[in-house]
Amino acid sequence: MSTNNEPPVEKHHFQAEIQQLLNIVIHSLYTDREIFVRELISNAADACEKLRFVQASGTAVFQPDVAAGISLTTDEAAGTLTITDTGVGMSHGELVENLGTIAHSGTKAFLKQLAEDRKPDATLIGQFGVGFYSAFMAAHKVTVFSRSRDVDGAGWQWTSEGVGGYEIVPAGELPRGTKIVVELKEDAKDFAKPDTLERLIKRYSSFVPFPIELNGKRLNTVQALWARSKSEIKDEEYNEFYQFIGHDHTAPLLRLHFNADAPLAIQSLLFVPARNFETMGMGRIESEVNLYCRKVLIQAKAKGLFPEWLRFLKGVVDSEDLPLNISRETMQDTTLLQKLNKVLTGRFLKFLSEQADLHPETYEKFYAEYQKFLKEGIVTDFTHREALAKLIRYESSSTDPGKQASLTDYVKRMPEDQKEIYFLMVPNRAAAESSPYFEVFRERKYEVLFLQDPWDEFVMEHLHEFEGKPLKSAEKAELNLGDATKKEGALSEDSAKTLAQWIKESLGDRVGDVRVSQRLVDSPAVVVEADKYMTSSMRRILKSMRKEGEAAPPEKQDLEINPAHPIMTRLDAMRQKDGELAAEVAAQVFDNARVAAGILEDPRTMLNRLNQLLEKVLTK
Ligand code: ADP
Ligand code: MG
């Protein structure tokens with residue numbers, strides 16, 4: 001369509017973060033430039049899938065008879081590559097919003113990862129939801145022609161050279177969908193060669209579920225890998241499929257391909273990525289499992305198919321039992337979805353436990369990367385708690401340093417007289433082994449789990465027990481080593497009790513109860529939280545959550561003393577000679593016990609006293 005008037009040209013700036021991203025893409029990313037082809041095809045495929053979805057939900061679209069598909073053309077003489085799709089297209093508003101104005105949350109994360117990596121990994125760009133901009137690695141100019149699926153929409157032309165923003169002008173009548181013309185940089189002309197393109201499309205896009213043509217020749221054959229028989233599928237095919245649907249360039253860590261007939265007919269292919277993207281600065285990730293019915297996409301990134309704590313999964317679930325015309329909204333809380341969720345989650349958990357048995361090394365890798373999610377499941381999801389409890393792993397006093405064991409193993413190792421499973425929250429193994437709370441367990445040869453992740457406190461609280469055995473903080477264990485006052489050189493029972501009483505009087509309100517301990521070997525004393533529900537690790541967590549300057553919660557710890565320890569026997573003698581000095585020592589012993597428990601609020605307050613004590617020692 002031609003007009004006599006010049007069309008009005010709208011000039012726009014890129015949003016600051018996007019411009020920043022573009023500057024890096026244009027000037028610093030020279031390796032793996034070819035992935036821009038994958039990204040543009042992937043966007044075209046997304047647009048086609050969205051079209052199918054819009055049509056399936058009964059909305060009228062522009063040119064309904066034009067099937068969704070993708071075609072590429074190369075022009076070596078002109079040095080251009082053109083990618084056209086007949087997907088949903090973009091309206092004026094969508095062009096502005098999607099290509100330049102609203103930065104996805106991934107933009108920042110990707111910028112950060114580029115800044116941190118010595119060798120920036122451009123291939124991740126699609127993962128971070130900014131794949132479109134990768135075109136500028138190879139292009140000096142990109143022109144996007146787009147016509148939205150809206151019946152009364154219009155055609156628009158978007159143009160940019162990457163720097164200096166972009167322009168939009170009306171483009172008159174266009175067929176539905178999007179055409180992207182990539183004008184290649186001088187040193188990127190290779191991408192205008194048909195052979196190069198054919199290789200790239202085969203490599204990256206053979207699983208795109210829409211026909212792809214290159215210069216009029218059909219390249220991919222649509223394959224629903226999940227519907228094929230396992231024995232026919234090669235590892236490479238699985239990996240390529242994963243890389244396509246997962247926008248990932250590495251091989252997956254785990255894969256589960258299964259069929260079920262009852263209670264629902266399901267064909268599913270699930271993957272666990274090698275890396276946990278949530279810990280890479282991406283913020284909360286979203287499940288990328290697409291829901292199909294007889295190979296037709298019902299919902300990409302389907303919500304509710306798996307519990308939240310399995311949001312790291314990527315893949316496909318195909319169920320014949322879904323009504324084809326089901327919409328996103330009605331999908332939300334159908335009982336069907338709940339049933340699917342239950343079957344899928346159960347199957348995946350079973351798969352994990354098989355992996356743990358059959359391939360412990362792979363499971364170890366999985367656990368290192370994803371334990372946070374399993375623990376989240378234990379804390380938030382009652383239904384699967386028991387199965388999840390079997391999957392967690394901890395270092396313990398019976399494992400080699402750095403190795404972890406399951407609760408099932410722990411229970412198998414329990415001596416007959418041990419009734420509870422014990423755990424200690426510690427920053428590391430060394431701290432655990434020198435902890436006064438550990439002494440009784442070392443003597444009794446009871447295994448103790450060394451929990452080193454602050455989350456574990458909540459995990460233990462929610463699990464409560466495992467195979468009928470209560471989970472108990474070692475700090476709260478009611479265990480004893482027999483009467484310590486019978487040991488050689490120990491205070492007698494009476495003297496020990498009197499000393500305890502004297503310490504209580506001397507410390508006053510600062511301490512709860514003071515009593516004679518039955519569980520200490522090497523330590524002179526230990527503190528025990530007076531509150532039944534409080535442990536020192538919980539107190540540490542509360543402390544770390546408190547804002548600067550905020551008052552500490554009132555605390556009260558009981559003190560248990562070791563009647564066989566030289567400090568106690570001598571303290572008992574000293575209190576009768578020099579009450580004042582003995583009181584200082586008692587206060588210091590109490591503070592030391594709190595240091596050992598990691599809960600002394602401000603260690604500076606005890607320094608004066610400690611210095612005075614040192615002075616006295618040195619004048620002797
Ligand atoms: P992502 O694909 O992860 O959303 P991109 O940077 O690749 O991120 O694309 C940004 C957005 O631009 C897409 O979400 C989509 O809305 C829009 N878009 C890009 N290419 C097309 C296309 N060919 N057809 C329709 N919309 C597109
Ligand atoms: Mg994309």
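Being a predicted model, the structure only gives us computed values, none of them experimental. (Residues numbered from 1 in each chain as written. Chains lettered and ligands numbered in written order. Predicted model: local features only at pLDDT ≥ 70, side-chain atom pairs only at ≥ 80, totals over all residues. Heavy atoms only, no water.)

Student: An account of the overall build of the protein is needed here, citing residue identities and associated values.
Tutor: Broken down by element type, the protein carries 19 helices and 23 strands. Over its C-alpha trace the protein gives a radius of gyration of 33 Å, far above what one expects of a compact globule, namely 25 Å for 620 residues. Principal axes of the C-alpha set define a box for the protein whose edges measure 110 × 55 × 40 Å. The proportion of buried residues among the 620 residues of the protein is 51%. Taking the intrachain contacts of the protein between residues at least 6 apart in sequence as the baseline, contacts between residues at least 24 apart amount to 72%. Put simply, the protein shows about 30000 Å² of open surface, and 51% of that area lies on carbon and sulfur atoms. One way to put it: in the protein the 78 positive side-chain charges average out to a point 2 Å from where the 94 negative ones average out. (Helix = DSSP H or I, 4+ residues; strand = E, 2+ residues; numbered from the N terminus. Rg over C-alpha atoms; globule rule 2.2 N^0.38 Å. Buried < 20%, exposed > 50% of the residue type's maximum accessible area, 1.4 Å probe, protein only. Contact = heavy atoms within 4.5 Å. Areas by Shrake-Rupley, 256 points an atom, 1.4 Å probe, with all protein chains shown as cover. Lys, Arg positive; Asp, Glu negative; His and termini not counted. Charge placed at Lys NZ, Arg CZ, Asp CG, Glu CD.)

Student: Residue-level account of the site of ligand 1, with values.
Tutor: The immediate surroundings of ligand 1 are formed by 13 residues, with N43, D85, N98, G129 and F132 found nearest. Taking G131, its main chain carries an N or O atom lying 3.2 Å from an oxygen atom of ligand 1. Calculation on ligand 1 without its partners gives an accessible area of 540 Å², and the protein chains cover 85% of this total. Among the elements that line the shell around ligand 1, the one with the most residues is helix α2 (residues 35-56), at 3 residues. Taken together, the residues that form the shell around ligand 1 break down as 5 nonpolar, 6 polar and 2 charged. (Near = heavy atom within 4 Å. Polar contact = N/O pair within 3.5 Å; in protein donor to acceptor, adjacent residues only side chain to side chain. Nonpolar A, V, L, I, M, F, W, Y, C, P; charged D, E, K, R; others polar.)

Student: I'd love a proper account of the layout of surface pockets, names of residues and values included.
Tutor: A volume near 830 Å³ is recorded for the second largest pocket. Lining the second largest pocket are 31 residues, with K472, S473, K476, A477 and K532 sitting closest to its centre. When contributions to the lining of the second largest pocket are tallied by element, the ones reaching two or more residues are α14 (455-463), β20 (469-473), β21 (511-516) and β22 (525-529). When grouped by side-chain class, the residues that make up the lining of the second largest pocket number 12 nonpolar, 6 polar and 13 charged. The residues that make up the lining of the second largest pocket include at least three from each of domain 3 (392-476) and domain 4 (484-541 + 556-619). (1 Å grid on protein atoms, 1.4 Å probe; cavity = no way out; pocket = protein on both sides within 12 Å on 5 of 7 lines; lining within 4 Å. Points joined across faces, edges and corners; volume = space filled by probe spheres on them. Domains from an automatic or database assignment.)

Student: Pulling in residues and values, what's your account of the sheet that holds strand β15 (residues 393-396)?
Tutor: Strands sit in the order β16-β15-β18-β17-β20-β19 across an open sheet of 6 strands; the sheet is mixed. Because the sheet does not close on itself, it has two edges, and the strands there are β16 (405-406) and β19 (465-466). In this structure, β15 lies alongside β16, joined through 2 bridges in antiparallel fashion. Bridged to R393 within β16 is S406. (Pairing = 2+ DSSP bridges.)

Student: Just give me the short version of a nonpolar patch on the surface, but keep the residues and values in it.
Tutor: A contiguous nonpolar patch, built from L614, V617 and L618 and spanning about 340 Å² of accessible area, is present on the exposed surface. Tracing the chain through its elements places V617 in helix α19 (residues 607-619). (Patch = residues over 30% accessible without salt bridge, like charges linked within 9 Å, V, L, I, M, F, W, Y side chains within 5 Å. Salt bridge = Lys/Arg side-chain N within 4 Å of Asp/Glu carboxyl O.)

Student: Tell me what's going on with the nonpolar core, and back it up with residues and numbers.
Tutor: Counting 102 residues, the largest nonpolar core has I503 and L559 as its most contacted members. Each residue touching I503, except ones within four places of it in the same chain, is listed here: V514, L559, I561, M568, L571 and A586. Formed by 76 residues, the second largest nonpolar core is a distinct cluster that contains L40, C48, V54 and L214. (Core = buried A, V, L, I, M, F, W, Y, C linked by side-chain atoms within 4.5 Å.)

Student: Describe the pairing of strand β18 (residues 448-451), naming the residues involved and giving the relevant values.
Tutor: The side-chain alternation of β18 yields two buried faces, one formed by V448 and F450 and the other by L449 and L451. As judged from the 2 bridges shared by β15 and β18, these two strands associate in the antiparallel manner. From the neighbouring strand, E395 faces β18, where its bridge partner is F450. Direction of pairing for strand β17 (residues 421-425) relative to β18: parallel, over a ladder of 4 bridges. Along β18, the bridge assignment pairs Y422 with V448.

Student: Go over the packing of aromatic side chains, please, and point to the residues and values.
Tutor: Two numbers describe a pair of aromatic rings. These are the distance of the centres and the angle of the planes. The final tally for this structure, using the stated rule, is 22 aromatic pairs. With a centroid separation of 5.1 Å and an interplanar angle of 50 degrees, the aromatic rings of F14 and Y166 are classed as tilted. Residue F14 is found in the loop between β1 (10-12) and α1 (16-28), and its partner Y166 is found in strand β6 (residues 163-172); the two are separated by 152 residues along the sequence. Ring geometry for F241 against F271: centres 6.3 Å apart, planes inclined by 40 degrees, an arrangement best described as tilted. On the criterion of sequence distance, the pair formed by F241 in helix α6 (residues 235-246) and F271 in strand β11 (residues 266-272) is long-range, its members being 30 residues apart. (Phe/Tyr/Trp six-rings, centres within 6.5 Å; stacked < 30°, edge-to-face > 60°.)

Student: Would you mind going over the side chain of S517 in detail, with residue names and values included?
Tutor: Along the polypeptide, S517 turns up in the loop between β21 and β22. Of the residues examined, S517 reaches a relative accessible area of 1% and is grouped as buried. A polar atom in the side chain of S517 sits 3.1 Å from the backbone nitrogen of R519. Setting aside residues no more than four positions away along its own chain, S517 makes contact with A484, E560, I561 and P563.

Student: Any chance you could break down the sheet that holds β21 for me, citing the residues and the numbers?
Tutor: Strands sit in the order β21-β23-β22 across an open sheet of 3 strands; the sheet is mixed. Here the strands that pair on one side only, and so sit at the sheet edges, are β21 and β22. Looking at each pair of strands side by side, their axes are set apart by 25 degrees on average, direction ignored. Pairing analysis gives 4 bridges linking β21 to strand β23 (residues 557-561), with the strands arranged parallel. Bridging across to β23, V514 finds its partner in L559. Helix α18 (residues 579-596) contacts β21, β22 and β23 of the sheet and is inclined by roughly 65 degrees relative to β22. (Axes fitted to C-alpha atoms, helices over the stretch in contact; angles between N-to-C directions.)

Student: Describe the environment of P263, listing the residues and the values that go with them.
Tutor: Structurally, the position occupied by P263 is in the loop between β10 (254-260) and β11. Distance from P263 to L340, taken between C-alpha atoms, is 9.0 Å for residues 77 residues apart in sequence.

Student: Which residues make up helix α16 (residues 536-545), and what are the values?
Tutor: All of the buried residues in α16 are S536, S537, M538, R539 and I541. Looking at the buried positions of α16, the neighbouring elements they touch are β17, α14, β22 and β23.

Student: Talk me through the domain arrangement of the protein; I want residue IDs and the actual numbers.
Tutor: Segmenting the protein into domains produces domain 1 (10-218), domain 2 (225-361), domain 3 (392-476) and domain 4 (484-541 + 556-619). Just the C-alpha atoms count here: the centres of domain 2 and domain 3 sit 34 Å apart.

Student: Tell me about the packing of α18 against α19, residues and numbers included.
Tutor: With their axes 10 Å apart at the nearest point, α18 and α19 run at an angle of 130 degrees to one another. Between α18 and α19, the angle falls in the class oblique. Once α18 is placed against α19, the crossing between them reads as left-handed. Across from L581, E584, V585, A587, Q588 and D591 in α18, the residues of α19 making contact are R609, L610, Q612, L613 and K616. Taken together, the residues that form the contact of α18 with α19 break down as 5 nonpolar, 2 polar and 4 charged. (Parallel < 35°, antiparallel > 145°, perpendicular 65-115°, else oblique. Left-handed = near helix turned anticlockwise from the far one by under 90°.)

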